[in-house]
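Descriptive structure summary
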Amino acid sequence: MNAESSANLAGSEEEVGGEGFPRLQSESVLLLQFSSLPEPPTQNAILMLRRCFGRVVFFRNNTTFPPDFYLEAPELKEIGAACASLESRRKNALWKLARFGRYVLALRRELASRQYRLVVIHDYFALLAFHLAQKSAQYRGFVWFNSYDVIEPDSRPGRFTIQKMVISRHEKLFEDVDFFSLPTEERKRWYPIDRVKRGVFVIPNFPAVTYYQRFQSRRRTAPKDVIRLIYMGALGPGHGYEEIIPLLKTPVAGRSLALVLKGWIEETYKRTLIDLAQRDDVLDRLEFVGYGPYPQVAELAASCAIGLALFTGQNVMNRTLGTASNKIYEYAAVGMPVIFLDTPYWRSHFEHRSWAFFTDLTERSIRGTIETILSRYNEASAAAFQDFRDGFNFEKVFLPALRTVVNALSNSTNV
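Because the structure is a prediction, the values reported are computed rather than measured. (Residues numbered from 1 in each chain as written. Predicted model: local features only at pLDDT ≥ 70, side-chain atom pairs only at ≥ 80, totals over all residues. Heavy atoms only, no water.)

Tallying secondary structure elements over the protein chain gives 17 helices and 15 strands in all. By the compact-globule yardstick of 22 Å for 415 residues, the protein chain fits well, its C-alpha radius of gyration being 22 Å. Counting only contacts in the protein chain whose residues sit at least 6 apart along the sequence, the fraction spanning at least 24 positions is 72%. If you sum the accessible surface of the protein chain, you get close to 17600 Å²; carbon and sulfur atoms cover 49% of it. Across the protein chain, 52 positive and 45 negative side-chain charges occur, with their mean positions spaced 5 Å apart. (Helix = DSSP H or I, 4+ residues; strand = E, 2+ residues; numbered from the N terminus. Rg over C-alpha atoms; globule rule 2.2 N^0.38 Å. Contact = heavy atoms within 4.5 Å. Areas by Shrake-Rupley, 256 points an atom, 1.4 Å probe, with all protein chains shown as cover. Lys, Arg positive; Asp, Glu negative; His and termini not counted. Charge placed at Lys NZ, Arg CZ, Asp CG, Glu CD.)

An α-helical turn contains 3.6 residues, so a residue and the one three or four places further along point in the same direction. Helix length check: helix α4 (residues 93-112) (20 residues) gives 29 Å between terminal C-alpha atoms against 28 Å at 1.5 Å per residue, within 8%. Within the span of α4, buried status applies to R99, F100, Y103, V104, A106, L107, E110 and L111. Each element contacted by the buried residues of α4 is listed here: β3 (24-33), β4 (53-63), β5 (75-83), β6 (118-121), α5 (124-137) and α6 (162-168). One or two residues past the end of α4 sits R114, with phi positive at roughly 60°. (Expected span 1.5 Å × (residues − 1). Buried < 20%, exposed > 50% of the residue type's maximum accessible area, 1.4 Å probe, protein only.)

Let's shift gears to the sheet that holds strand β10 (residues 226-232). Taking strand neighbours across the sheet as the criterion, the 6 strands line up as β12-β11-β10-β13-β14-β15 in an open arrangement whose pairing is parallel. Only two strands of the sheet have a single neighbouring strand rather than two, namely β12 (286-289) and β15 (356-359). In this sheet, neighbouring strand axes are inclined to one another by 30° on average, regardless of whether the strands run parallel or antiparallel. Note: β10 against strand β11 (residues 256-262), 7 bridges, orientation parallel. Residue pairing for β11: I227 is matched across the bridge by L257. Against the sheet, helix α11 (residues 295-302) engages β10, β11 and β12, with an angle of about 150° to β10. (Pairing = 2+ DSSP bridges. Axes fitted to C-alpha atoms, helices over the stretch in contact; angles between N-to-C directions.)

Inspection of the entire model under this criterion finds 19 salt bridges. Residue E72 pairs with R50 through a salt bridge whose shortest N-O separation is 2.7 Å. Separated by 22 residues along the polypeptide, E72 in the loop between β4 and β5 and R50 in helix α2 (residues 40-52) bring together distant segments of the chain. With a relative accessible area of 24%, E72 lands in the partly exposed category. Between R271 and D275 there is a salt bridge whose closest N-O contact spans 3.1 Å. In this pair, R271 and D275 are both assigned in helix α10 (residues 267-279), 4 residues apart and thus about one turn of the helix distant. Exposure remark for D275: the relative accessible area of 38% places this residue in the partly exposed category. (Salt bridge = Lys/Arg side-chain N within 4 Å of Asp/Glu carboxyl O.)

To continue, consider the pairing of strand β7 (residues 142-146). Buried residues dominate β7, accounting for 5 of its 5 residues. Residue alternation in β7 divides its side chains into two sets, F142, W144 and N146 and V143 and F145, and both sets are buried. Strand direction decides the pairing type here: β6 and β7, joined by 4 bridges, are parallel. Looking at β7, one finds that V120 is bridged to W144. Chirality of the crossover, the property in question, places the unit of β6, α5 and β7 among those that are right-handed. (Right-handed = clockwise from strand over helix to strand, strands pointing away.)

It is worth spelling out unusual backbone geometry at this point. Comment: phi is negative for the bulk of residues other than glycine, and the bulk of peptide bonds are trans. Backbone geometry at A253 places phi at a positive 50°, although glycine is not the residue there. Mapped onto the elements, A253 comes out in the loop between α9 (241-244) and β11. Although it is not a glycine, L361 adopts a positive phi angle of roughly 75°. Within the secondary structure, L361 is located in the loop between β15 and α15 (363-375). Classification of L361 as buried rests on a relative accessible area of 13%.

Another point: the environment of P40. Relative to the elements of secondary structure, P40 occurs in helix α2. When the C-alpha positions of P40 and E330 are compared, they lie 9.8 Å apart, and in sequence the two are 290 residues distant. With residues near it in sequence (within four places) discarded, P40 still touches Y294, N326 and E330.

Taking strand neighbours across the sheet as the criterion, the 7 strands line up as β5-β4-β3-β6-β7-β8-β9 in an open arrangement whose pairing is parallel. Lying at the two open borders of the sheet, with one neighbouring strand each, are β5 and β9 (199-202). In this sheet, neighbouring strand axes are inclined to one another by 15° on average, regardless of whether the strands run parallel or antiparallel. Contacting β3, β4, β6, β7, β8 (179-182) and β9, helix α17 (residues 394-410) crosses the sheet at an angle of about 165° to β7.

Moving on, we get to the confidence of the model for the protein chain. Segments scoring low in pLDDT should not have their predicted coordinates read at a detailed level. The pLDDT averaged across the protein chain works out to 91; a share of 94% of its residues lies at or above 70. Note on residues 1-18: pLDDT is under 50 here. Beyond four places in sequence and across chains, it has 34 contacts. (pLDDT = per-residue confidence, 0-100.)

Time to look at the packing of α4 against α5. Orientation of α4 relative to α5, taken along the N-to-C sense of each, is 50°, at an axis distance of 8 Å. It follows that α4 is oblique to α5 by the angle criterion. Every pair of crossing elements has a handedness; the one defined by α4 and α5 is right-handed. Along its contact with α4, which presents F100, Y103, V104, L107, R108, L111 and A112, the element α5 presents F125, A126, L128, A129, F130, L132, A133, Q134, S136 and A137. The residue makeup of the contact of α4 with α5, split by class, is 14 nonpolar, 2 polar and 1 charged. (Parallel < 35°, antiparallel > 145°, perpendicular 65-115°, else oblique. Left-handed = near helix turned anticlockwise from the far one by under 90°. Nonpolar A, V, L, I, M, F, W, Y, C, P; charged D, E, K, R; others polar.)

Structural data, given as structure tokens:
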């Protein structure tokens, strides 16, 4: 360890989430993202990195994402003209390739500036961009790739697409990686982790105490009038909405039901759900809350009574969601009981948690599950808060990995 790095680390830890937090104030870190918007786990990583490094630069494809959508905005370098995410998805392959090419060239210039000894990459397209840019930029620092989404084994991308380039170079890309992290142990077999040079971390998609601690003093009790059920995330088929909407017309345990859906939704599918609610005369009990600032998510969740974590899909992503679905732990962080699909998989992960309840999505089962939750509400809510504080928080799982990376930086002379 050089003298400067030793000075930065010595006596420089502060308490965050009950654990010592390493700090390297003289270092800058470059965070890369191309193919998606900053989802909660990326936002939490930014929050933690900003408490460790003197400068965090977020180098991203400029799909529209205002600074106030972040928990804490980093220094932003957004490449290309601003373009809404849904609009960019509808663009043709040539437009997407040209956009990606500009990102690669800009990244090469950024890496060649020699400002960074650590690059943290948050999606596959950004990893490909780094792979294409690093050699000519003569980058010699460390690379940490964090992946939330596996490449589905049966995916068949178009011939002239960025995804095709990623798949064709999959193993080669991992030869650039010093550290690799993913949200669940179950997904390891879909990655060539034997190519990773230094370390592999499992970092579940838990919310951060740093942000959610403001809700920890709130004492939850069972709602006395309206039971607001909430599902947060990408809104599409396979999450039980069609089974729940018809039940909104009939009270449970003397209380009315309402369904809150928070996140992106295609207009055609939204119309389907609205038509279903109109047919059952419950449209006034169905609420759509669009995609918006992440800091507002917790406040919305705290205004609801029961969280929904219903997944009926059978692809790799849906079959390995145990510690990868951030919404589950965001519900727990505000003291909400959670309803899961009654399968062996979900029971193996949550049956021993007193805030977890199960349904087979039949009318009788859903209503019975809600009644059971209401009868145990205070106990379940307190247990959810406690489990979040004790272990289901981002600091608990991220800081050990961060310390490993910081130690590697401190012991390296790479520039």
